[in-house]
Amino acid sequence: MGRDKQKSLLSHDDRWLVIESFIKEKGLVKQHINSYNDFITKRLRQIIEEESIVQTTSPNFYAMITNVIIGNPQVREFDGSVNTTITPLECRVRNLTYAAPVYVNIVLVEDGIKTSSQEPILLCEIPVMVRSIKDPTSSMDEKTLREVGEDPKDPGGYFIINGSERILVAQEDLAPNRVIVDYAKEGLNVTHMAKVVSATTGYRVPIILDRHKDGTLHVSFPAVTGKIPFVVMMRALGLESDLEIALAVSHDQDVQKELIPSLLQSTEIKTSTDALEFIGNRVAVGQPREVRIERAEQIIDRYFLPHLGVNREDRIKKALFLGYMAQKLLEFMLGRRPPDDKDHYKNKRLKLAGDLLAVQFRVAYRAFLKDFRYQLEKARARTRKVTQIGALVRSDIITERIRHAMATGNWAGNRVGVSQILDRTNWISMHSHLRRVISPLSRSQPNFEARDLHGTQWGRICIFETPEGPNCGLVKNMALTAYISVGVDENSVFEILEEIDDPEIRIEKIEKVFNDLRRGKDVDVIKGTRVLLNGRPIGFCRNGEKLVELLRNMRRSGKLHYEVSIAHIKTQYVDEIYINTDPGRFLRPVFVVKDGELVFTSRHAEALRRGEIGFEDLVRMGVVEYLDPEEEENAYIALEPGEITKEHTHMEIYPPAIVGIAAATIPYAEHNQSPRNTYQSAMVKQALGIYASNYQIRTDTRSYLLHYPEKPLVQTKFLDVIGYNSKPAGHNMVVAVMSYTGYN
């Protein structure tokens, strides 16, 4: 099929159908609901299971927390009864919190004898997101929704705390567990630096590798005061000889030469024990030698790169990761790599409602454990035999902590303004608020780069919608095609990678390659492509292009999850494959182009029109795929079918969808001066109209209503999909023009 023929077959309307089905299927606030569902079904249990054993002062008396059950929304009435038929509307009217109980079983173990609690014990109540998996209204049809007083078109995605609707605004952050290299600040003794924020369940540890002016490398992380020489750290992690350290960094002679100053600096520390003692002197001053060494080992295992593991056998992984950091830093210094762009969206992750709740819940749960331990010991001191387990559990600790955080917006980690009252001025302002993204940078400093529009925001962040003034460019809004990854378990991807046994594209594990090198074997695979999974080097493969092609075909055929992204970065010096599976990445859907032909045809469009297939089916068929900003660096994307050449890999589904909800209401937006669109995006949220169809039975403190709003005369294609036409705001302006004398 020639290009002209293809052009004639695929109309603008066909492409619009795809975007329409994407928005209808995914919903406009699905990102928060997906994230919350993930938290309530998986993460909540994981947090409790992580620390499920409560030790007391006597070693043979402890408690185990098991069987986490999350109930349906309920409210305790003043007479002590439990109302299980509570609806979101009743909570709004009566100033209640829409929350669900979390029950656990507690087993006491005394001298090996187990006594279990008779019935499940209430651990806490967790706020329920409206229209989430825990909310009964999510499975109701329109008729039932009207009967319980809900607006059938209400998107949900918010919580009801003490009667007010509150949302957790998405927070943008630097991606954890990824090495970022950059120039150091002026006027320091440091020339270049590599940084990684090692984040694992519960805590984040920033680890920095600096290169000083004399060429030596130094590691610094919060658990140890001052800087530790790089070579000392490598020896503490178990690599004793200079050769091993050099091989862990790189097999390239030029990079190894740069290590000489570091190796010379640490000549008096020769063994692993010496290195541990060196670190121990910083953390346990004046203690006996054994204590110092043990303390150093604890710190290395627990607080140094904890995302790679916290056990003794994980030290080799940490040494190789630190080696990779050093290699990246030295290659950057030698001009073989550019500095990492902190504003590139591949280096950003979004924390949604589920992630934010998980952080807050973990802090609250730890406070509960502390109290429960105290109650256990107190009860045991009083009555030798503890029988009433339920009486020792104070269910209000976690409940109150979470409710207080959500009511005030003061979050764990000294963050303020995380939870905000949902803006219900009109339909657009509500949706826009639910799709807002906040950057944690300081408002008072001129972070010019951070405020700029970045190329990778295309199709992910609205190009117009941002406030004027101090928040300009720091508060952003998601574009219509943006999709936030929920996250795929990396172990499932790792298993698929391990199954590949073609010698040309098989991944040789990094530990095996390193062990062969240190034994003096000649390893050819090291000259091939390095493979990284979520920023962590896992091995090498001989033919990177072939591996990438295989993985992408597996994703298009559904063997790999559609959220997994595969990027291959190849320059004169660097040859790396990045496989990303983590949550919070900005993905966007695009059409797949194979051999200069679009895979999407008018046949697919017809099936969409008839409702035989949906957007998910297009993804499953490999017609559409999601790209993350890193993989997009590998793509060559055409805007129109007529532009497609043999080189193109993808085509845009519908270019106008690069804007967000507010800017999508502007007709002929491409004819305006750009700031005008920005001003209108702010003003559309202030127009008065109908904000919800159940306004007559809602008891809002303050609400705005226009009794005769009009549907715009000049439409954009998006207005129907967003739902603006059914809940319009404002009026069509009627202008009469008369000539001066009346004669025309």
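Here the residue numbers are simple positions, counted from 1 along each chain's written sequence. Residues qualify for local features only when their pLDDT is at least 70, as the model is predicted, and side-chain atom pairs are given and counted only at 80 or more; totals for whole chains, interfaces and linings, by contrast, use all residues. Processing note: side-chain calculations cover all non-hydrogen atoms of the structure and skip hydrogens and water entirely.

**Brief notes about the overall build of the protein**
Stage number 1. For helices the rule is a DSSP run of H or I covering at least 4 residues; for strands it is a run of E covering at least 2, with both sets numbered from the N terminus onward. Scanning the protein for helices and strands turns up 24 helices and 30 strands.
Stage number 2. Reported as C-alpha extents along the three principal axes, the dimensions of the protein are approximately 100 × 80 × 50 Å.
Stage number 3. Burial classes: relative accessible area under 20% of the type maximum marks a residue as buried, over 50% as exposed, and values in between as partly exposed (1.4 Å probe, protein chains only). Taken over 744 residues, the protein has a buried fraction of 56%.
Stage number 4. Of all intrachain contacts in the protein linking residues separated by at least 6 positions in sequence, the fraction that spans at least 24 positions is 67%.
Stage number 5. Each charge class in the protein can be summarised by its mean position, and for the 98 positive and 98 negative side chains these summaries are 3 Å apart. In this analysis, two residues are considered to be in contact whenever any of their non-hydrogen atoms come within 4.5 Å of each other. Think of it this way: Lys and Arg go in the positive column, Asp and Glu in the negative one, and His and the chain ends go nowhere. Charge positions come from single atoms, namely NZ of Lys, CZ of Arg, CG of Asp or CD of Glu.

**Digging into the sheet that holds strand E18 (residues 436–438)**
Stage number 1. A pair of strands is labelled paired if DSSP reports no fewer than 2 bridges between them. Here 4 strands make up an open sheet; going across it, the order is E16-E10-E18-E19 and the pairing mixed. Every other strand in the sheet has two partners, leaving strand E16 (348–351) and strand E19 (475–477) as the edge strands with one partner each. Going across the sheet, the axis of each strand differs from the next one's by a mean of 35 degrees, ignoring polarity.
Stage number 2. Pairing between strand E10 (residues 170–174) and E18: 2 bridges, direction parallel. Across the sheet, residue Gln171 finds its bridge partner in E18, namely Ile438. Helix axes use the C-alpha atoms of the stretch in contact, all axes being lines fitted to C-alpha atoms, and the angles between their N-to-C directions lie in the range 0 to 180 degrees.

**With respect to the packing of aromatic side chains**
Between two aromatic rings, the relevant description is the distance of the centres plus the angle of the planes.
Stage number 1. Ring pairs shown here join Phe, Tyr and Trp side chains whose ring centres sit within 6.5 Å, with only the six-membered ring taken for Trp; geometry is labelled stacked below 30 degrees between planes, edge-to-face above 60, and tilted in between. Taken as a whole and judged by the stated rule, the model has 19 aromatic pairs.
Stage number 2. Ring plane angle 75 degrees and centroid distance 6.0 Å describe the contact between Tyr654 and Phe718, whose orientation is recorded as edge-to-face. Placement of Tyr654 in the loop between strand E30 (650–651) and helix H23 (674–683) and of Phe718 in helix H24 (residues 718–722) is noted, with a sequence separation of 64 residues between them. In this pair, the class of Tyr654 matches that of Phe718, namely buried.
Stage number 3. Chaining the aromatic ring pairs together yields one cluster made of Tyr36, Phe39, Phe159, Phe361, Tyr365, Phe368 and Phe372.
Stage number 4. Sitting over the ring of Phe61, Arg380 keeps its end group 4.4 Å from the ring centre.
Stage number 5. Only Lys NZ and Arg CZ are tested; either one counts as a charge over a ring when it is within 6 Å of the ring centre and within 35 degrees of the ring normal. It is Lys727 that lies over the ring of Trp427; its NZ or CZ is 4.2 Å from the centre.

**What to know about the confidence of the model for the protein**
Stage number 1. Looking at any residue, its pLDDT shows the predictor's confidence there, from 0 to 100. In this model, the protein carries an average pLDDT of 92, and 99% of its residues clear a pLDDT of 70 or more.
Stage number 2. Mean pLDDT values over the elements of the protein span from 50, in helix H1 (residues 3–9), up to 97, in strand E8 (residues 159–161).
Stage number 3. Ignoring residues within four places in sequence, the model shows residues 3–8, a span with pLDDT below 50, making 11 contacts including any to other chains.

**Description of the nonpolar core**
Stage number 1. Nonpolar cores are built from buried Ala, Val, Leu, Ile, Met, Phe, Trp, Tyr and Cys residues. Side-chain atoms within 4.5 Å join them into one set. Counting residues in hydrophobic clusters, the biggest one holds 66 residues, and the most contacted among them are Phe39, Phe361 and Phe368.
Stage number 2. At 12 residues, the largest contribution of residues to this core is made by helix H13 (residues 353–383).
Stage number 3. Ignoring sequence-local partners within four residues, the contact set of Phe39 consists of Leu44, Ile47, Ile126, Gly354, Leu357, Ala358 and Phe361.
Stage number 4. If you look at the next biggest cluster of nonpolar residues, it comprises 60 residues, including Val249, Leu330, Ile510 and Leu517.

**With respect to a nonpolar patch on the surface**
Stage number 1. What goes into a patch is any residue over 30% in relative accessible area without a salt bridge, connected to like charges within 9 Å or, for nonpolar side chains (Val, Leu, Ile, Met, Phe, Trp, Tyr), within 5 Å. Reported accessibility uses the Shrake-Rupley method at a 1.4 Å probe radius. Residues are deemed covered only where the shown protein chains occlude them. One speaks of a salt bridge when a side-chain nitrogen belonging to Lys or Arg is within 4 Å of a carboxyl oxygen belonging to Asp or Glu. A surface patch of nonpolar side chains, about 370 Å² in accessible area, is lined by Tyr668, Leu713 and Val714.
Stage number 2. Note on placement: Val714 falls in the loop between H23 and H24.

**Remarks on the pattern of salt bridges**
Stage number 1. What the rule picks out here adds up to 76 salt bridges.
Stage number 2. A salt bridge links Arg698 to Glu165; its shortest N-O distance comes to 3.1 Å. Placement of the pair is Arg698 in the loop between H23 and H24 and Glu165 in strand E9 (residues 164–168), with a sequence separation of 533 residues.
Stage number 3. Arg698 gets classed as buried once you look at its relative accessible area, which sits at 7%.
Stage number 4. In this structure Glu165 comes out as buried when scored by relative accessible area, which is 7%.

**Digging into the side chain of Glu465**
Stage number 1. For Glu465, the position within the fold is in the loop between helix H16 (448–451) and E19.
Stage number 2. Polar contact is the term for a pair of N or O atoms within 3.5 Å; when the atoms are in protein, one must be able to donate a hydrogen and the other to accept it, and sequence-neighboring residues count only if both atoms are side-chain atoms. For Glu465, the side chain forms a polar contact with the side chain of Lys685, separated by 3.0 Å.
Stage number 3. Once residues lying within four places of it in the same chain are set aside, the contact partners of Glu465 are Ser432, Val475, Lys476, Asn477, Ile661, Ala662, Ser681 and Lys685.

**Digging into the packing of helix H10 (residues 272–283) against helix H11 (residues 289–303)**
If you want to describe how two helices pack, look at the angle between their axes and the distance between the axes.
Stage number 1. Running from N to C, H10 and H11 point in directions that differ by 90 degrees, and their axes come no closer than 7 Å. Compared by their axis directions, H10 and H11 come out roughly perpendicular. Seen from H10, the contacting residues are Thr273, Asp274, Leu276, Glu277, Ile279, Gly280, Asn281 and Val283; seen from H11, they are Arg289, Arg292, Ile293, Arg295, Ala296, Glu297, Ile299 and Ile300.
Stage number 2. Side-chain classes are defined by residue name, with Ala, Val, Leu, Ile, Met, Phe, Trp, Tyr, Cys and Pro counting as nonpolar, Asp, Glu, Lys and Arg as charged, and the others, Gly among them, as polar. Among the residues making up the contact of H10 with H11, the classes are represented as 7 nonpolar, 3 polar and 6 charged. Each angle receives one of four descriptions, namely roughly parallel if under 35 degrees, roughly antiparallel if over 145, roughly perpendicular if within 65 to 115, and oblique otherwise.

**Describing the packing of H13 against helix H14 (residues 396–408)**
Stage number 1. Running from amino to carboxyl end, H13 crosses H14 at an angle of 145 degrees, the nearest separation of the two axes being 8 Å. Of the two elements, H13 crosses H14, and the hand of that crossing is right-handed. Counting all contacts with H13, which are made through Leu357, Gln360, Phe361, Val363, Ala364, Tyr365, Ala367, Phe368 and Asp371, the residues of H14 involved are Ile397, Ile398, Arg401, Ile402, Ala405 and Met406.
Stage number 2. Residue composition of the contact of H13 with H14, grouped by class: 12 nonpolar, 1 polar and 2 charged. For any pair of crossing helices, the crossing counts as left-handed if the nearer helix is rotated counterclockwise from the farther one by less than a right angle, and right-handed if it is rotated clockwise.

**Side note on the side chain of Asp38**
Stage number 1. Mapped onto the fold, Asp38 is located in helix H3 (residues 30–50).
Stage number 2. The residues touching Asp38, leaving out its near neighbours within four places in the chain, are Arg43 and Val486.

**Describing the pairing of E10**
Stage number 1. Within E10, 4 of the 5 residues are buried, which leaves the element mostly enclosed by the surrounding structure.
Stage number 2. Pairing of E10 with E16, which is carried by 4 bridges, proceeds in the antiparallel orientation. Each residue of the ladder has a partner; that of Asp173, found in E16, is Arg349.

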